[in-house]
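Take a look at the letters that make up each chain.
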Amino acid sequence: MSEIAAILSVEGLGVRLPAGADRAYALTDVSLSVASNEILCIVGESGSGKSMMANAVMRLLPNEVRIEGGRMLFEGCDLCAAPEAEMRRLRGAEIAMIFQEPMTALNPLRTIGDQIAEVFSVHTDLSRAEITGRVLALLADVRIPDPNGAAKAYPHELSGGQRQRAMIAMALALDPKLLIADEPTTALDVTTQAQILKLIRELQGRRKAAVMFITHDFGVVAEIADRVVVMQQGRIVEQGPAAQVLDNPQHAYTRQLIAAVPPLTAPAPRRLSQEDILTISGISKTYRSGGFLGRGVRITRAVKDVSLKLPKGATLGIVGESGSGKSTLARCLVRLIDPDAGSIMLLGRDFVTMPRARLREETRHIQMVFQDPFASLNPRHKAAELVAQGPIVHGTPRATALAEAKELFALVGLDPSAADRFPHEFSGGQRQRIGLARALALKPAVLVADEPVSALDVSVQAQVLKLLADLRTRLGLSIVFITHDLRVAAQICDLVAVMKDGAIVEHGLAGEVFANPQHAYTQALLASVPGGAFARQHATEPA
Amino acid sequence: MRILSLAGRRLAASIPTLFLILIGVFLLLQFAPGDTVDAMMAQMGGGDAATAQALRHFYGLDLSIPVQLGNYLWRLVRLDLGFSAIYGKPVATVILERLPPTLLLMTSALSFAFFFGLVFGVIAARGVNKWPDTLISTLGLICYATPSFWFGLMAIVVFSIYLQWLPPGGFEDIGNVQTGIWHVLDIARHLILPALTLGLIFLAIYLRIMRASMLEVLNLDYVRTARAKGLDETGVIIRHVLRNALLPMVTLIGLQAGTMLGGSVVVESVFSLPGLGRLAYESVVQRDLNTLLGIVFVSALLVIAVNFIVDLIYARLDPRISVES
Amino acid sequence: MDAIKRYFRSPAAVAGLILLLVVIAMAISASFLYPRDPLALAGRPLLWPFSNPHFPLGTDNSGRDIAAQIFHGARISLLIGGVATAIAILIGIVVGAFAGFYGGWVDNVLMRITEAFQTLPNFLLLLVLVAVFGSTLTTVTIAVGVVSWPAPARLTRAEFLSLRNREFVQAGRTLGMKDLQLILGEILPNALPPVIVYASVVMAVAILLESALAFLHLSDPNVASWGNLIGLGRDVLRVQWYVSAIPGVAILVTVLAVSLVGQGLNDALNPRLKRR
């Protein structure tokens, strides 16, 4: 790593935002460099300006956003001042980019092969036949199953991981010197994420390309970075070789980010009650869709004969990737979906067979916290009303309910006087707290939390998890915690159940499952967590 | 083949809709004051109650309503639309005579509106917020707000009366019947103003939709990907934006088919074209309820046919459709 | 509120509002400025505009004051437009809400009916209704309303379909709310704005539909409608084209005003979607 010349050298870059944005500059005085044959990770939370950085290098900023000051030297040419024709020559050929959402980043009306071939037709003079050959070679390179079929397929016919592989093939078509990857694995499943990260590292090593990898996850940094740049609010707060920054973070923000990455080992097990408050037995849910007069019906078995027990005061984590059926199961628990078979025993009553009218009253005993902080609160009601809705529906007089709502605000760590504001005036983390307050308003025995922190920034995640743990002890809550992120589950769950394709493949005490996974899938899941090695090592240090 | 089966399924689903329309309108017409026999008698210059009774019995109008409805539907399935008392011919014949001018008018108006709506929509979207966009959008809005019949009249004043470039009405030169290519050109000359008039409102609608659709697509992620590959702006628009932005336009053709047919009633009246629309108007005025019902049937068929074709085209353009059931 | 400020920032929206207020002013002041029956004979037929100070806009074939008919016609257009729109929106919201919320067979049945109304060209249906029920002001207004409800219904249904699976609605269900409570209290306040904005489109179309009917002499002949006047002017189109031209301009201005106001409202209430 001695005197490898920098492929890209950014000096004092500034990017101005239009009037009305939440700050004046997206990027202020940013200086960094990427050398060939190295992976530079730019790490930051939402609003740090890391995506803006990527767009600035490509000169693909939105219309009203402008570069103001600084230079970006790419092989001697200043990208800030280069004419548009020159930039077009570089894009796709010398500097390539892969994006976060593979579904929307590909044109749904054209085949994969077509879109990859476009890179060749724009920048080279190769014949049709030659291009086709190269496209197939690229697809084989990125290990897409059945390259021939994939080339003729449309984006919606491939899975998320395959689409991302196709995008990588498209980006590497002309062997660019610099590859910019803007959160390419964030939208993927954990196991797929691990594969794509491995692929990127392998291809980078083989072609000796420079990679600028943008992410919000320090686990990913630990997994693949050679050097790290940490950004906050548009400025660089720390940068250096990966090992150095991870082991010896200098800046307070860096330390905060690293500390917020949940370690993979479970905390010391608590004593669990002998009594079970919630017993789930043999829950199944099958979906039938499509078909015409009974032919060609698609059968999806979302939940297959699931049985679990939740001890009083404990937290049961249900972990699975997308399509595992965990969300369907969660919704069956609160009867938003009616299961086809099985029983849910809570406080001596079976919630599955209960008639609708009685269910409306009994539902107060099992409440839900939802995933999306933006969609789970009705934008037209004030926060206090939202929290008070439940008790009011169940007969509490309005004034009392509103007063109780204010108390709940304090309980979840929000300012009670803010209760008269509308949801859009709160941040994501604060909205989740309101959702929590709403669920607690009916004093339920069981709380079902459906991915409550997945949509939040890492540092905010940690706060909300701490709040949940706090409330758990204070109110004696029993929680069913649904998540796709093993690290989050390790933080807060006493018991863990792993779900795949609608069935539970393994369950037990959290500590045991993490330390000693029995099922192959659990083992694969644990191995796929990015930065697993780093997390395990990091966990042995005091928090 | 899958495309055909999908569109075919939609077609099959329209059959109950068709029956719903026919039954609904038939029952509605039972409430009308005076029926076909009254109209016939008025034509004959009066008659006594006995004649009326005999006529009603002959035409089966004295049977109970459900029976009449059943008879009517049964005849309809055999494509027998009944007899027009006013014209003295089977309704089917009358309608078939009047169908070609309407179809010609509608296709030319649609082509005009679609093509220019597309072109101007693209131009407006390219120059968003600058003067081409403001000009085009304003003109589009004014076209939308203009009553079609009034525009037709004013067009006649300007082009037929003052400038004398185009004929003020009619389908062809009656006094001077031409043949072959001259006949075609003559009809074309007569159709210019009507097609322009009918197409004007739809031009405004297509313009607005194309512009909005283009702006929407230009903000999508895959356009950014195309730019990141080094495509220039024209390449981006032609290869990635146009086809995707076209989809809502195609859907719109299907949705607007009925409205266009309705608009032809007024345009044909203004320009004295011997089409289906004017026939509908005359049937209402002359109380020829059989013909009116026949026109309703044919119009509904026309709209369903147009929607079927639109479904085929849409499925051809959008590969995602074949997957959904 | 921000929405009102945003509205006034658009020159087109402001212009539309001004035009609309002018038309409303014309309608209100009609009885003061032209207290006599506008369809009564007033002077010599076919006087050109500005030729006689008593008749600034001239007279029509029967010698009736065109300016009086324009002012009184504003009343008719706004009345029919407003009431028909209200009818259409009301029916549309009810049908769309139930179809979108309950889905299943309720949705199927309601959508078949909506489709039936949309497959039949709406002007044809209008003709049928007028043939059956006659051409009084009341019947024409109701007929126009009845012909216009499918589009608001589809819009409402689409909104309900997308909103009923939103998490805040699901939250309401877990809190124990009943169906009607969810429809009226949770979903409707969020579904209403686009439908209300769409009302301007419905009104524009309603005014155009009624004037087309009047032009064909199928609307109420006893009221001073703009369409009526255009129809009359057709007979004297060759020379006295102004008889048809003037009321057409009035229709154009009114529909333009309504459309601009609707667009302005849409941009003001949905700032995110304004891709300018």
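First, a word on scope: everything that follows refers to the structure included in this document. Since the model is a prediction, treat every value here as computed from it, not as a measurement.

## As for the overall build of chain B
Secondary structure summary: chain B contains twelve helices and two strands in total. Taken from N to C terminus, the helices and strands of chain B fall in the order α-α-α-α-β-β-α-α-α-α-α-α-α-α. The principal-axis extents of the C-alpha atoms in chain B amount to approximately 85 × 55 × 40 Å. Within chain B, the proportion of its 325 residues that are buried is 40%. Put simply, 74% of the contacts in chain B that link residues at least 6 apart link residues at least 24 apart.

## A closer look at the overall build of chain A
A tally of regular secondary structure across chain A gives 21 helices and 21 strands. In terms of C-alpha radius of gyration, chain A reaches 26 Å, essentially the compact-globule figure of 24 Å for 543 residues. Overall, the C-alpha framework of chain A stretches about 75 × 60 × 45 Å when taken along its three principal axes. For chain A, with 543 residues in total, the buried portion stands at 48%. Sequence separation of at least 24 residues holds for 70% of the intrachain contacts in chain A that already meet a minimum separation of 6.

## Overview of the sheet that holds strand E21 (residues 503–509) of chain A
All names here are of chain A. The six strands are arranged E17-E18-E19-E14-E20-E21 in an open sheet whose pairing can be described as mixed. Looking at the sheet topology across the chains shown, the edges are occupied by strand E17 (366–369) and E21. On average, each strand axis in the sheet is tilted by 20 degrees relative to the strand beside it, whichever way the strands run. Relative to strand E20 (residues 495–500), strand E14 (residues 315–319) runs parallel, the two sharing four bridges. Within the sheet, the bridge partner assigned to Leu316 lies in E20 and is Leu495. Against the sheet, helix H16 (residues 428–440) engages E17 and strand E18 (446–450), with an angle of about 175 degrees to E17.

## With respect to the environment of Ser31 of chain C
Turning to its location among the elements, Ser31 of chain C is positioned in helix H2 (residues 11–33). Separated by 43 residues in the primary sequence, Ser31 of chain C and Ala74 of chain C have C-alpha atoms spaced 12 Å apart.

## Concerning the interface of chain C and chain A
At the junction of the two partners, chain C supplies 14 residues and chain A supplies 21 residues. For the side of chain C that touches chain A, the secondary-structure elements that each account for two or more residues are helix H8 (167–174) and helix H9 (179–215) of chain C. A per-element tally of the side of chain C that touches chain A places H8 of chain C first, with six residues. Looking at side-chain class alone, the side of chain C that touches chain A contains five nonpolar, four polar and five charged residues.

## Comments concerning helix H17 (residues 458–475) of chain A
Residue and element names in this part refer to chain A. Look at H17: 26 Å from first C-alpha to last across 18 residues, which is about the 26 Å you get at 1.5 Å a residue. Turning to H17, its buried residues are Val458, Val460, Gln461, Val464 and Leu468. Down the axis, H17 shows its buried residues gathered within 150 degrees of arc, on one side only. The outward face of H17, more than 90 degrees from its buried face, is lined by the exposed residues Thr473 and Arg474.

## Comments concerning the interface of chain C and chain B
In this assembly, 37 residues from chain C lie in contact with 44 residues from chain B. If you list the elements that add at least two residues to the side of chain C that touches chain B, you get helix H4 (104–119), helix H5 (122–133), H9 and helix H11 (242–269) of chain C. Partitioned by chemical class, the residues of the side of chain C that touches chain B number 24 nonpolar, seven polar and six charged.

## Remarks on helix H14 (residues 383–393) of chain A
All names here are of chain A. Here H14 lies mainly inside the structure; nine of its eleven residues are buried. Among all positions of H14, only Ala383, Ala384, Leu386, Val387, Ala388, Gln389, Gly390, Pro391 and Val393 are buried. Residues of H14 that are buried make contact with helix H15 (398–411) and H16. Looking one or two residues beyond H14, the residue adopting positive phi is Gly395, at roughly 110 degrees.

## Overview of unusual backbone geometry
All names here are of chain A. With a phi angle near 60 degrees, Asn37 is a residue other than glycine that sits in the positive phi range. Along the chain, the position of Asn37 falls in the loop between strand E2 (25–35) and strand E3 (39–43). Notably, Glu75 is not glycine yet its phi reads approximately 50 degrees, a positive angle. Positionally, Glu75 belongs in the loop between strand E5 (71–74) and strand E6 (77–78).

## Focus on the sheet that holds strand E13 (residues 298–311) of chain A
All names here are of chain A. The strand order E13-E12-E15-E16 describes an open sheet built from four strands, whose pairing is antiparallel. Looking at the sheet topology across the chains shown, the edges are occupied by E13 and strand E16 (349–350). In the sheet, strand E15 (residues 341–346) pairs with E16 via two bridges, with the strands oriented antiparallel. Each residue of the ladder has a partner; that of Met345, found in E16, is Asp350. Packed on one face of the sheet, helix H12 (residues 326–333) meets strand E12 (276–289), E13 and E15 and runs near 60 degrees to E13.

## Quick notes on the packing of helix H10 (residues 233–270) of chain B against helix H11 (residues 276–286) of chain B
All names here are of chain B. Running from amino to carboxyl end, H10 crosses H11 at an angle of 90 degrees, the nearest separation of the two axes being 7 Å. One way to sum up the angle between H10 and H11 is to call them roughly perpendicular. Residues Ser264, Val265, Glu268 and Ser269 of H10 touch H11, and the partners they reach there are Gly277, Arg278, Ala280 and Tyr281. Of the residues belonging to the contact of H10 with H11, the class tally is three nonpolar, three polar and two charged.

## Quick notes on the pairing of E5 of chain A
As a general feature of sheets, a regular strand has side chains that alternate between the two faces. Residues and elements named next belong to chain A. The alternating pattern of E5 places Met72 and Phe74 on a buried face, while none of Arg71 and Leu73, on the opposite face, is buried. Both strand E1 (residues 6–16) and E5 contribute to a ladder of four bridges, which runs antiparallel. Counted as the bridge partner of Val10 is Met72 from E5. Bridging between E5 and E6 involves two bridges; their strand directions are antiparallel. Residue pairing across strands places Leu73 opposite Asp78, the latter belonging to E6. With antiparallel pairing between neighbouring strands as the criterion, E5 and E6 make up a hairpin whose turn holds two residues, including Glu75 at a positive phi of roughly 50 degrees.

## Considerations on the packing of H11 of chain B against helix H12 (residues 289–317) of chain B
Relative placement of two packed helices is described by the angle separating their axes and the distance separating the axes. Residues and elements named next belong to chain B. One can describe the packing of H11 onto H12 by two numbers: an axis separation of 8 Å at closest approach and a directional angle of 145 degrees. Crossing of H11 over H12 shows left-handed handedness. Packed against H11, whose contacting residues are Leu276, Leu279, Ala280, Ser283 and Val284, the element H12 presents Thr291, Leu292 and Ile295 at the interface.

Reading the values: the criteria
Residues numbered from 1 in each chain as written. Chains lettered and ligands numbered in written order. Predicted model: local features only at pLDDT ≥ 70, side-chain atom pairs only at ≥ 80, totals over all residues. Helix = DSSP H or I, 4+ residues; strand = E, 2+ residues; numbered from the N terminus. Buried ≥ 20, exposed ≤ 12 C-beta atoms within 10 Å, placed from the backbone. Contact = placed C-beta atoms within 7 Å. Rg over C-alpha atoms; globule rule 2.2 N^0.38 Å. Pairing = 2+ DSSP bridges. Axes fitted to C-alpha atoms, helices over the stretch in contact; angles between N-to-C directions. Nonpolar A, V, L, I, M, F, W, Y, C, P; charged D, E, K, R; others polar. Expected span 1.5 Å × (residues − 1). Arc of directions from axis to C-beta. Parallel < 35°, antiparallel > 145°, perpendicular 65-115°, else oblique. Left-handed = near helix turned anticlockwise from the far one by under 90°.

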